[in-house]
Each structure stands twice: as structure tokens, then as C-alpha cells.
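Fold and contact review
For reference, the chains in residue letters:
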Amino acid sequence: MPENSEGIMLKKLSTATVTTAVAHTVAVTGLAPTPAASTTAMSRPTTTATAISPAATVDNARIVAHFDLAKGRMPENIALSPGGTAYVTFAAARQIAQFTPSGTTRILATLPEPADGGIRTPVLGFPLTTGIVRAHDGTLYFLYATGTDDLTGLWRLRPGGEPRRIAALPATGLPNGLALDPGSRTLYMTDSVLGVIWSVPTKGGTPTAWSTAPELASTGFLGANGLKIHRGAVWATNLDKGTLLRIPVLPGGRAGRVQTRATGLTGIDDFAFTGSGDSVLATLNGPNEVALVRRDGTHSTVLTAADGLQNPTSVALRGDRVYVLSAAYTTAEDPNLVLARLND
């Protein structure tokens, strides 16, 4: 085990029903002392800056929503509508929820529980909803991991409709991050256990292993995690290795060679670009931080537990508004949504 790695305990909730929560712990080791199952949301920022100042800050942080831990409502991933409505996956509750700017939370769907309770879900041991994205027409796509062949995969929820699985993924894996390329109508998905980025058309079908590069592999817990499409490339994080990766999309849609754009990001989970440049805000799950990662790979902490973070799992931007979800996987105190402001 490398010098900077450590063993930690992950306390998480495994719910047999929406109203029953059971404490569950798993011992893990790895480069990143963060135990959350996380993913990324595909929410495109609207800022127009091509670069961000090294002195950029995030301030005015405040908790705008608290979620019910006893019901398994640990927010895992987020997608934003143009009007600022947030769509959230509640991991252990197996739910998709809508959070409006007025502060109202509405459950849009609860996914079926596996017949065996999902105890075979790799690494984590409980069924959970992970990555989510929103298409321009309001259709939501999201991932569900159960360890069972009949439920694990990519799901779709059209406005006013019912959730439906449109692509099966291996039950031996853990589908996690999700990103949408509207131009090619392609969805990309990370698998944190198998170390794969899958691709599939938005209409569904059989996924293709788009990249199996070694940089995506785990070192014992969770590997490829957060995911975004940005400037002709697929970007991903590796939680165990603490890295931010860029994979160019070559002609014909093939994956290019992986470029490591930043290292030393302990517990990196989800991320969001601050504008049209290559700087990102990234959630560091175990350390309870949000980091600003600059184009040159350097990074600095801009939000901490003092701002309300409790195992932050995902981040999204709309203009200069920063949305950060915390799942409280290990703190087991206050899953919440923090709203802050980015100052360039």
C-alpha cells in the first residue's frame, strides 16, 4: 500500500424499504481515503470565460436543503435544467428527485428493489442510483447498480412517464458517472469496478466498451468515477488514484490516448467545468472539500466542512452559482445541498 494511502471504514445505509434504514460498514483501502459511491452529473455551465484566475474563490456558501438520511436520501448526483431546477439521485433510496429553486423536493420515481435486496452489488453491497443527466427535452437518463442482471444499467425517465431500463450493464460492475453528448446523441458511462467507460446511443441498446485504458482501473475500491463531455473529449476522474483524466474523441467516435491532467486529488469524485476553459471544480469526498483544479493541474481548496460539506459527491454550475451535494456516507449526519458563488 502506498505511503499516502490508508484504511477507512465506510458507513452507509442499505434500505430494504424507503422507510427502513440499516447501518452497514465496509472496510476499504486505497490511495483516496474516500468511500463514497459517486458519479458525475452532466450539467453544462453557462459561463463564457475561457480561463479562470489563479486567485478565483468560491464564497457565500449556504445549505439550502437537508435530506432525510433515515429514508436513504443520500444525494449522489445532480443535473440542472436551464431554469435552475435540480434533478438528483438519492443513492440508497433508489430514487430520482426534483428540487426546485423555491426549495420544494418532489420524488419523481422509485426504482424497483432487487428480489434479493441487492446484496450482491459489487463493493458497496446495496442497490443504488448513481449518475444522472438531463436532455434538452427534459428526458432524464440515470444509472442504477444492483448486482443483478435484470436491473443494473442505464435507465430513462421521460416527462410524465415511468422509468424504463434502456441498456443493460454488467451486474459484476458498478455503473457510476454519466455524461451526454447531445451532438452525437451518445451517452457515456463509467464503471468504477470494471474500469471501463461504456457508450450507448440515447435510444438505448447494447453498450460498447469505449475505453478500457489502465488509467481507469481501481486500486482496490473505486476507479473511474465522475464523467463529463468537454471540448471534443471525454473527461473522467479516478477516485482511488486521485486523478483527473482527459480522453480525446477521435474521428469516428473512437477513444484516443488517456491524458492525465491533474494528480494528488485525494478522494476525487464528481467535477464540473467553470466555463469553456479546462478549469474545474471537483468534489473530494473523504476530505469533505471542493477543490478548484486549474488548467495546469494545480489545485486549491475553495470549500470545506465548515461550509456544510459532508462527503460531497457531486457539483454543478449554472452561471456563477455552484451547487454541491453531500451524501454524508461516512459522517452519517446531514446529507444536504450547498449553494455557493464562484468569483473569477
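**Focus on empty space enclosed by the protein**
- For the coordinates displayed, the defined rule picks out one cavity of 30 Å³ or more.
- What the largest cavity holds in volume is close to 40 Å³.
- In terms of lining, the largest cavity is formed by W235, L244, R261, A262, D278, V293, R294, R295 and G297.
- Looking at the lining of the largest cavity, its residues break down into four nonpolar, one polar and four charged.

**A word on the packing of aromatic side chains**
- Per the counting criterion, the structure on display carries five aromatic pairs.
- Taken together, a centroid distance of 5.0 Å and an interplanar angle of 85° make the contact between W235 and F273 edge-to-face. Here the residue W235 occupies a position in strand 18 (residues 233–238), and F273 occupies one in strand 21 (residues 268–273), the gap between them amounting to 38 residues. F273 carries the same exposure label as W235, and that label is buried.
- Through a chain of ring-to-ring contacts, the aromatic side chains of W235, F271 and F273 assemble into a single cluster.
- One cation-aromatic arrangement involves K228 over F271; the distance from NZ or CZ to the ring centre is 5.1 Å.

**Things to note about the pairing of strand 22 (residues 280–284)**
- In terms of burial, strand 22 is largely enclosed, as five of its five residues are buried.
- As paired elements, strand 21 and strand 22 share four bridges and run antiparallel to each other. By the bridge assignment for strand 22, A272 is matched with L281.
- Where strand 21 folds back onto strand 22 in an antiparallel hairpin, the turn is made up of six residues.
- Here strand 22 pairs with strand 23 (residues 289–293) via five bridges, running antiparallel.

**Examining the sheet that holds strand 20 (residues 259–262)**
- Read across the sheet, four strands follow the order 17-18-19-20 without closing on themselves; strand pairing throughout is antiparallel. The two strands at the open ends of the sheet, each matched to only one other strand, are strand 17 (224–230) and strand 20. For this sheet the average axis-to-axis angle between neighbouring strands, irrespective of direction, equals 30°.
- As defined by bridge partners, strand 18 adjoins strand 19 (residues 243–248) across six bridges and the pair is classed as antiparallel. Following the sheet pairing, A233 is matched in strand 19 by P248.

**Structural notes on the confidence of the model for the protein chain**
- Residues with a pLDDT of 70 or more make up 84% of the protein chain, whose mean pLDDT is 86.
- Taken as a whole, residues 1–50 scores under 50 in pLDDT and shows 187 contacts with residues more than four places along the chain or in a different chain.

**What to know about unusual backbone geometry**
- Positive phi is not limited to glycine here, since N60 has a value of about 55°.
- With respect to the element layout, N60 can be found in strand 4 (residues 57–66).
- Residue N60 is classed as partly exposed on the basis of its relative accessible area of 45%.
- Backbone geometry places V123, a non-glycine residue, at a positive phi of 65°.
- Looking at where V123 falls in the secondary structure, it is placed in the loop between strand 8 (105–110) and strand 9 (128–134).

**So, the environment of G226**
- Within the secondary structure, G226 sits in strand 17.
- Judged by relative accessible area, which is 0%, G226 ranks as buried.

**As for the pattern of salt bridges**
- A complete count under the given rule lists four salt bridges for this structure.
- A salt bridge links D59 to R341; its shortest N-O distance comes to 3.2 Å. In this pair, D59 sits in strand 4 while R341 sits in strand 27 (residues 336–343), placing the two residues 282 residues apart along the sequence.
- Put simply, D278 and R261 hold a salt bridge, and the shortest N to O gap is 3.4 Å. Of this pair, D278 sits in the loop between strand 21 and strand 22 while R261 is found in strand 20, placing the two residues 17 residues apart along the sequence.
- A single network of salt bridges, built from pairs that share partners, joins R231, R261 and D278.

**Some remarks on the nonpolar core**
- In this structure, L281, V322 and V324 are the most contacted members of the largest nonpolar core, which totals 16 residues.
- Elements that contribute at least two residues to this core include exactly strand 23, strand 24 (299–303), strand 25 (312–318), strand 26 (321–326) and strand 27.
- With three residues, strand 27 is the largest single contributor of residues to this core.
- Ignoring any residue separated from it by four or fewer positions in sequence, one finds V324 in contact with T283, V290, L303, L309, P312, S314, V315, N336, L337 and V338.

**Some thoughts on the sheet that holds strand 27**
- With respect to topology, four strands assemble into an open sheet ordered 4-27-26-25, the strand pairing being antiparallel. The open sheet terminates on both sides in strands that have one partner only, identified here as strand 4 and strand 25. With direction set aside, neighbouring strand axes in the sheet form an average angle of 25°.
- In the sheet, strand 25 pairs with strand 26 via six bridges, with the strands oriented antiparallel. In the sheet register, P312 faces strand 26, and the bridge partner there is S326.

Analysis parameters
Numbering of residues begins from 1 in every chain and follows the order in which that chain's sequence is written. Reporting in this predicted model follows two pLDDT cut-offs: at least 70 for local features of residues, and 80 or more for side-chain atom pairs to be given and counted; totals over whole chains, interfaces and linings ignore these cut-offs and use all residues. To get the side-chain values, all heavy atoms of the structure are used, and hydrogens and water are removed first. Each cavity reported here is a set of points on a 1 Å grid over the protein atoms alone in which a 1.4 Å probe fits but cannot get out, each pocket an open set with protein on both sides within 12 Å along at least five of seven lines, and each lining residue one with an atom within 4 Å of a point. Grid points are joined across faces, edges and corners, and a volume is the space filled by probe spheres set on the points. Residue polarity follows a fixed list, in which Ala, Val, Leu, Ile, Met, Phe, Trp, Tyr, Cys and Pro are nonpolar, Asp, Glu, Lys and Arg are charged, and the others, Gly among them, are polar. For Phe, Tyr and Trp, where Trp contributes only its six-membered ring, two rings pair if their centres lie within 6.5 Å, and the inter-plane angle classes them as stacked under 30 degrees, edge-to-face over 60, or tilted in between. Helix and strand assignments follow DSSP, with helices taken as H or I runs no shorter than four residues and strands as E runs no shorter than two, numbered in order from the N terminus. Under the scheme applied here, a residue whose accessible area is under 20% of the maximum for its type counts as buried, over 50% as exposed, and between as partly exposed, the area being computed with a 1.4 Å probe on protein chains only. By definition here, charges over rings are those cases where NZ of Lys or CZ of Arg is within 6 Å of the ring centre and within 35 degrees of the ring normal. Strands pair, by our definition, only if DSSP identifies at least two bridges between them. Note on definitions: angles span 0 to 180 degrees between N-to-C directions of axes, and those axes are lines fitted to C-alpha atoms, for helices only across the stretch in contact. Residue-level confidence of the predictor, termed pLDDT, takes values from 0 up to 100. Any pair of residues with heavy atoms lying within 4.5 Å of one another is described as a contacting pair. Any carboxyl oxygen of Asp or Glu within 4 Å of a side-chain nitrogen of Lys or Arg constitutes a salt bridge here. The definition of a nonpolar core used throughout is a set of buried Ala, Val, Leu, Ile, Met, Phe, Trp, Tyr and Cys residues joined through side-chain atoms within 4.5 Å.

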